[in-house]
Amino acid sequence: MTPDLAVDVGTVRLKNPVLTASGTFGYGLEFLPFLKLSELGGIVTKGLSPKPRRGNPPQRIVETPAGMLNAIGLQNVGVDAFLSEKLPALREHDTAVVANVFGETEAEYVEVCEKLDGAPGLAAIELNVSCPNTEAGGMIFGNDPAALARVTRACRRAARMPLWVKLSPNVTDIREVARAAEAEGADALSLVNTFVGMSVDVLKARPVLANVSGGLSGPAIRPLAVWMTWQVRRAVQVPIIGMGGIMTARDAMEFILAGATAVQVGTANFVAPRAAVDVAEGLAAWLTLHGIGSIRELTGTLR
Amino acid sequence: MTPDLAVDVGTVRLKNPVLTASGTFGYGLEFLPFLKLSELGGIVTKGLSPKPRRGNPPQRIVETPAGMLNAIGLQNVGVDAFLSEKLPALREHDTAVVANVFGETEAEYVEVCEKLDGAPGLAAIELNVSCPNTEAGGMIFGNDPAALARVTRACRRAARMPLWVKLSPNVTDIREVARAAEAEGADALSLVNTFVGMSVDVLKARPVLANVSGGLSGPAIRPLAVWMTWQVRRAVQVPIIGMGGIMTARDAMEFILAGATAVQVGTANFVAPRAAVDVAEGLAAWLTLHGIGSIRELTGTLR
Amino acid sequence: MVQDFATPVLRNVDLGRGNWLLEFPAEGVAAAMRPAQFFMIGVPGSDVLLRRPFSVCGLPGTFADRPDGAVQILYRVYGRGTALLASLRAGATVQVLGPLGRGFTPPSRPDARIVLVAGGIGSAPFPAFLAELERSGRRATMIYGARTAGDLPLLDWFRERCDGVSVTTDDGTLGARGVVTDPLAEMLQDADGGRVHVYACGPSPMLAAVAKATLAKGVACDLSLEAPMACGFGVCLGCVVPTRREGGAIAYERVCVEGPVMRAERLAW
Amino acid sequence: MVQDFATPVLRNVDLGRGNWLLEFPAEGVAAAMRPAQFFMIGVPGSDVLLRRPFSVCGLPGTFADRPDGAVQILYRVYGRGTALLASLRAGATVQVLGPLGRGFTPPSRPDARIVLVAGGIGSAPFPAFLAELERSGRRATMIYGARTAGDLPLLDWFRERCDGVSVTTDDGTLGARGVVTDPLAEMLQDADGGRVHVYACGPSPMLAAVAKATLAKGVACDLSLEAPMACGFGVCLGCVVPTRREGGAIAYERVCVEGPVMRAERLAW
Ligand SMILES: Cc1cc2nc3c(=O)[nH]c(=O)nc-3n(C[C@H](O)[C@H](O)[C@H](O)COP(=O)(O)OP(=O)(O)OC[C@H]3O[C@@H](n4cnc5c(N)ncnc54)[C@H](O)[C@@H]3O)c2cc1C
Ligand SMILES: Cc1cc2nc3c(=O)[nH]c(=O)nc-3n(C[C@H](O)[C@H](O)[C@H](O)COP(=O)(O)OP(=O)(O)OC[C@H]3O[C@@H](n4cnc5c(N)ncnc54)[C@H](O)[C@@H]3O)c2cc1C
Ligand SMILES: Cc1cc2nc3c(=O)[nH]c(=O)nc-3n(C[C@H](O)[C@H](O)[C@H](O)COP(=O)(O)O)c2cc1C
Ligand SMILES: Cc1cc2nc3c(=O)[nH]c(=O)nc-3n(C[C@H](O)[C@H](O)[C@H](O)COP(=O)(O)O)c2cc1C
Ligand code: FES
Ligand code: FES
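Everything quoted here is computed from the prediction, not taken from an experiment.

This part covers the interface of chain B and chain C. On the chain C side, the residues contacting the 31 residues of chain B number 23 residues. Both faces considered, chain B and chain C share a buried interface measuring about 2200 Å² in area, 67% of it formed by carbon and sulfur atoms. On the surface where chain B and chain C come into contact, there are 2 salt bridges. Put simply, Arg80(C) and Glu63(B) hold a salt bridge, and the shortest N to O gap is 3.6 Å. In this assembly, chain B and chain C are joined by 6 residue pairs in polar contact (both at pLDDT 80 or more). If you list the elements that add at least two residues to the side of chain B that touches chain C, you get strand S5 (61-64), strand S6 (67-70) and helix H7 (268-271) of chain B. Looking at which element gives the most residues to the side of chain B that touches chain C, the answer is H7(B), with 3 residues. Taken together, the residues of the side of chain B that touches chain C break down into 16 nonpolar, 10 polar and 5 charged.

In structure tokens, the structure reads:
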């Protein structure tokens, strides 16, 4: 008996619970030398903005203990090029395509959501709310429950298709922002985005990254992300997509047991291009080994 | 010329900027087989409470990528035994002794501070405010600027000796709590305490730690701690004692350049009992190599 | 006293089924070390941050023909840290802290009947202990259990040196099908309880069962305990076990300092 | 095409002063690989998370007597990742992704005068390139600079294969005291600019100076660039350099995909 890996993130059925995380998988097509996209539950695109963005000046990345900092600055082709160039090619592949969306104002979020809504071959929209709101003094949308509620509400109105909200972990109590997003109609919550950090070039007495700070990802943050998953699980009803430092199926199991319906693999894609497929296959092997029929029997079973 | 490592944390002069972090150095005496306490700028004791505490049931610790989670539960001998048994022995050693203090209520903090205030051989009191306030529904003192202000004010009244406040990093904006502590008379700010995390035993579908969550320390958190040091540096005037994942002199330099007057070495003491001395010696070697007369010339010089 | 030293791996022998014997020079500390004391061992530059605790298995003289000043640990691949150890070849460097903790002490009664109870890799501290007993002309009986026949490292070595080794396996592939407390119960039945001294090492459930069996008969019993450890020298408070204080109050004591060897009656399991 | 494979280290040769030559089998990819293309190389189980980029230095046939299907990288110990590489012995396993990026292409003009400019370890991609040129009967001149005499790995090898190697060192311990752009400027002065084709690899400030010198003379110049990389295959957007678009707008292009070899005039330094 082949184990049943399918999961339902709200109305979005995934053939397995493993997606690739935004910003770590390009637009998906770059991975064709290494894997079939159909081996994945889904892919999440690089964050899309109304217009193409060139991103931050280099140095943009630096390795840290069991992790990395990035300050890519959301370089992307823009929503129009995504719809005209990338999505048609992705449609050829049997996987769920999720568009990650960001803006510097509420209006920008809405603009991108409206353009994406209902696009053939798109399974869901994921809002990246870890962006500074340029209209509100640069405050991060996702770090304030009220601001998060407003942008979620606006996007909910703009898009009828499944809407996932991706939470920032840089908050005192992630349950507050989770509840705010749920109350405004998010169909699922993705967590977590990167933690703000900084690395210093001690020889030059300068920040390593041109942007000074960057987002920490990778195994280093896994214990923090698992804890937030477990906290949010008990605070909301909507499905959770867990992520943060998943390198192996065992790591993914931590999130699934803690309450994540699906997971995303991010930094691991850089370390090993087949990492996400290996995680999915590892979950299948785990089910077989333990004689469990469906991964859904495990979701949230942590005691 | 031997380089000058001395620093002043407010009125507290340290012979070098390296202290050992609370909870990672016992009461200091356990390290005598490995080092002379006089080789250290100072030591910070395990957190002291009004009465001895037996702490949490095991399993209390677990390794995570480039870090560890701990849920010791603040097991300690109590302030009275510290004053009668530990401090007299520590007094024999030429190093700054800092007493780390915690309570479950404001009154407990005050009680411990009053007992410690002016104790001969004690250089400063450090408030650990990462504790749940049992009178306020378990909310963490240090995660709320108003609660932090109240407990700082009360301890400031209770103790005339130097008062350091050790900040929790589990907040949306650490500058807010930093300013609150400064406004209420903290002489210095120590940052950061551990990040809340969790590890799952996937075979048993149980949290690894009996306490479910624990505090993440070690190299994994260094980029986050350096960023917070840099942020707080520009928000307050009082000296900063930086920590989080310092394993080497190079790591310490990140904090010093970002604005820390002194640093604390924590988890590294477990990995190598002489780690803190090695950091201090490494800083001396660094100054010599670069022909810098005093470490104070480097503090906060990050551009 | 306790030292922190870098030392080369002399040999790392695969004993099969995930059991390994690692040998390294430890001149400075070997002479002062007691059986069931332990080392914290780390591999610099690896992705394993904390050192891992391992009982000393062989001290100078324990195993014939081994170089002077070298010691051995017997270990089983369990997780990341032990898998890393198993990947080391001769010449690799390990960072070693030790000797740590309180080891076994031979019974003070000269006529004591010594019974060693080992569960799987829990046999690790017994070679050095047997060698020490032998030197003072004492003998021991052994009960050695495991899940299956392959999980009994050094069995032949023990058979040569003990007054009989009772083997038990969960699956009956060697010795009696069952657990170590079966032969132990038999032994204790006939024996003069006051003369018997049990030394046990193995997984915690086994130790708890051994403790129960010996306490019921008033038999002296020393357990070598396991616990996850961060420091190994008493400062992290991570390795505690619940113990009973006089008056019955529960305390948490450190396996790395107050143990790893503790008297069965002290534990509040 | 690009493959991700685990492979044993065949040799790891210490060339002195922190320069090393690492050899490993790469049967599946060596044939398709171009000089100045690169590998991402990692060491599983180490505390270095991300792989590090290294140009292919030797392809089959580059170095005499090396086994068929083996390739070499020439590297300098710089930080944690390269120190880790240097600690590997023959038999250790490395994880290799490649071939990656766009390599050198010989000049299309058959009468082109080829000038290689290398700064220190930046000489790494030139052996394979020289071997390829040799096979089509072409020769090259080399300018090879470094801080000091010891930092010129494979200098003798280059001397045997080039029409002259001009050496410069910052401290004058070998060749002319100065930097590579000194002899380059001289060469370009007399030369027919349209015939010269410069290939340069080295630290970014050197590449910028070479770009400036060649652009001023209208000389064709290909630079093999460096940048910190996380993925090496175009998805992290971490390795970008500023380039000039038609119309003058600045864009950020990926060194790992659009490079590492880029035409000097494209860069907006
Ligand atoms: C004093 C002492 C002496 C020891 N002597 C030996 C010996 O001689 N030979 C030998 O093979 N082993 C010995 N052990 C056990 C050995 O230390 C562990 O097997 C080892 O630390 C496991 O490390 P790992 O990295 O392989 O597994 P990890 O990846 O650290 O552990 C995997 C899982 O097991 C849990 N875990 C880790 N260690 C323990 C533990 N000790 N008890 C319960 N759960 C744990 C972890 O929380 C984790 O979930 C001894 C332990 C102690 C305390
Ligand atoms: C396409 C390409 C080909 C290369 N080929 C070779 C080669 O053949 N031989 C060789 O020796 N080296 C080569 N390099 C450089 C090599 O990849 C770096 O020296 C190596 O990644 C350093 O890793 P590390 O872990 O030792 O240093 P790290 O510890 O990663 O770096 C130490 C410091 O240097 C910075 N840093 C790291 N890498 C770079 C970089 N590439 N540029 C600028 N700063 C950096 C880091 O931010 C950090 O502050 C190549 C680089 C690229 C991009
Ligand atoms: C280089 C890089 C770029 C990223 N870009 C985005 C992005 O555009 N939008 C977004 O929502 N998250 C982005 N992320 C965050 C990841 O999607 C993910 O939330 C985070 O990296 C944690 O997962 P990981 O530890 O598995 O990498 C990026 C992460 C990295 C490392
Ligand atoms: C086992 C352990 C126990 C700790 N106990 C305390 C404590 O009692 N009081 C306190 O303020 N901080 C305590 N800390 C936090 C450390 O003092 C320090 O803030 C933190 O570990 C980050 O530094 P590091 O990464 O160098 O360990 C403890 C940390 C560890 C690992
Ligand atoms: S292992 Fe740290 S106190 Fe025992
Ligand atoms: S290294 Fe990732 S895009 Fe170039």
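Moving on from the coordinates now.
For the 4 pairs of chains in contact, the largest share of contacts goes to chains A and B. Separated without contact, chain A and chain C have their nearest C-alpha atoms at a distance of 8 Å. With no contact formed, the shortest span from any C-alpha in chain B to any C-alpha in chain D equals 8 Å.

One pass over the structure, following the stated rule, counts 64 salt bridges over all chains. For Asp187(A), the salt bridge identified is with Arg156(A), shortest N-O distance 2.9 Å. Of this pair, Asp187(A) sits in the loop between helix H4 (174-183) and strand S12 (188-191) while Arg156(A) sits in helix H3 (residues 145-158), placing them 31 residues apart in sequence. Classification of Asp187(A) as partly exposed rests on a relative accessible area of 29%. Look at Arg156(A) and you get partly exposed, because its relative accessible area is 21%. Sharing partners across several salt bridges, the network here consists of Glu63(A), Asp47(D), Arg52(D) and Arg80(D).

Turning to helix H4 (residues 174-183) of chain B, a few remarks are in order. All names here are of chain B. Buried within H4 are the following residues: Ile-174, Val-177, Ala-178, Ala-180 and Ala-181. Down the axis of H4, the buried set is contained in an arc of 160 degrees. They therefore lie on one face. Among the structural elements, helix H3 (145-158), strand S11 (163-166), strand S12 (188-191) and helix H5 (222-233) are those in contact with the buried residues of H4. Regarding H4, its N-cap is Asp-173, as a side-chain oxygen of that residue lies 3.0 Å from the backbone nitrogen of Arg-175 further along. Directly after H4, the chain includes Gly-185, whose backbone phi takes a positive value near 100 degrees.

This brings us to the packing of aromatic side chains. Following the criterion strictly, the structure yields 30 aromatic pairs over all chains and no others. When the centroid spacing of 5.2 Å and the interplanar angle of 80 degrees are considered together, the rings of Phe104(C) and Tyr199(C) count as edge-to-face. Taken as a pair, Phe104(C) in the loop between strand S7 (93-100) and strand S8 (113-119) and Tyr199(C) in strand S12 (residues 196-201) lie far apart in primary sequence, 95 residues in all. For Phe104(C), a relative accessible area of 0% corresponds to the buried category. A relative accessible area of 0% means that Tyr199(C) is categorised as buried. A network of ring pairs unites the aromatic residues Phe25(A), Phe31(A), Phe34(A) and Phe233(D) as a single cluster. In this structure, Arg60(A) packs its charged tip against the face of Tyr252(D), placed 5.1 Å from the ring centre. The side chain of Arg161(D) reaches across the aromatic face of Trp157(D), ending 4.1 Å from its centre.

Moving on, we come to the environment of Leu127(A). All names here are of chain A. With respect to the helices and strands, Leu-127 occurs in strand S8 (residues 124-128). When the C-alpha positions of Leu-127 and Leu-167 are compared, they lie 8.6 Å apart, and in sequence the two are 40 residues distant. Those residues in contact with Leu-127 that lie beyond four places of it in its chain are Val-101, Tyr-109, Cys-113, Val-151, Thr-152, Cys-155, Leu-163, Trp-164, Val-165 and Lys-166.

Let us now look at the relation of the copies chain A and chain B. Rotating chain A by 180 degrees and moving it 0.0 Å along the rotation axis overlays it on chain B with an RMSD of 0.0 Å. The operation mapping one copy onto its partner corresponds to a two-fold rotation axis. When you check the interface residues of chain A against chain B, 100% turn up at the interface there too, and the contact is symmetric in its surfaces.

This part takes up the side chain of Asn16(B). All names here are of chain B. Within the element layout of this structure, Asn-16 appears in the loop between strand S2 (12-14) and strand S3 (18-20). Residue classification places Asn-16 among the buried positions, given a relative accessible area of 5%. At 2.9 Å, the side chain of Asn-16 forms a polar contact with the backbone nitrogen of Val-18. Residues in contact with Asn-16, not counting those within four places in the same chain, are Leu-5, Ala-6, Val-7, Glu-39, Leu-40, Gly-41 and Ala-280.

The next point concerns the site of ligand 4. Around ligand 4 sit 25 residues, and of these Ser22(B), Lys166(B), Gly218(B), Gly245(B) and Thr267(B) come closest. Near ligand 4, the surrounding residues belong to chains B and C. Taking Lys46(B), its side chain carries an N or O atom lying 3.1 Å from a nitrogen atom of ligand 4. Between Gly245(B) and ligand 4, the recorded distance is 2.6 Å, taken from a backbone N or O atom to an oxygen atom. Burial of ligand 4 by the protein chains amounts to 98% of its free accessible area of 600 Å². Class assignment of the residues belonging to the shell around ligand 4 gives a composition of 8 nonpolar, 15 polar and 2 charged.

Parameters and conventions
Residues numbered from 1 in each chain as written. Chains lettered and ligands numbered in written order. Predicted model: local features only at pLDDT ≥ 70, side-chain atom pairs only at ≥ 80, totals over all residues. Heavy atoms only, no water. Contact = heavy atoms within 4.5 Å. Buried area = accessible area lost by both parts, 1.4 Å probe. Salt bridge = Lys/Arg side-chain N within 4 Å of Asp/Glu carboxyl O. Polar contact = N/O pair within 3.5 Å; in protein donor to acceptor, adjacent residues only side chain to side chain. Helix = DSSP H or I, 4+ residues; strand = E, 2+ residues; numbered from the N terminus. Nonpolar A, V, L, I, M, F, W, Y, C, P; charged D, E, K, R; others polar. Buried < 20%, exposed > 50% of the residue type's maximum accessible area, 1.4 Å probe, protein only. Arc of directions from axis to C-beta. Phe/Tyr/Trp six-rings, centres within 6.5 Å; stacked < 30°, edge-to-face > 60°. Lys NZ or Arg CZ within 6 Å of the ring centre and 35° of its normal. Least-squares fit on C-alpha atoms with pLDDT ≥ 70 in both. Near = heavy atom within 4 Å. Areas by Shrake-Rupley, 256 points an atom, 1.4 Å probe, with all protein chains shown as cover.

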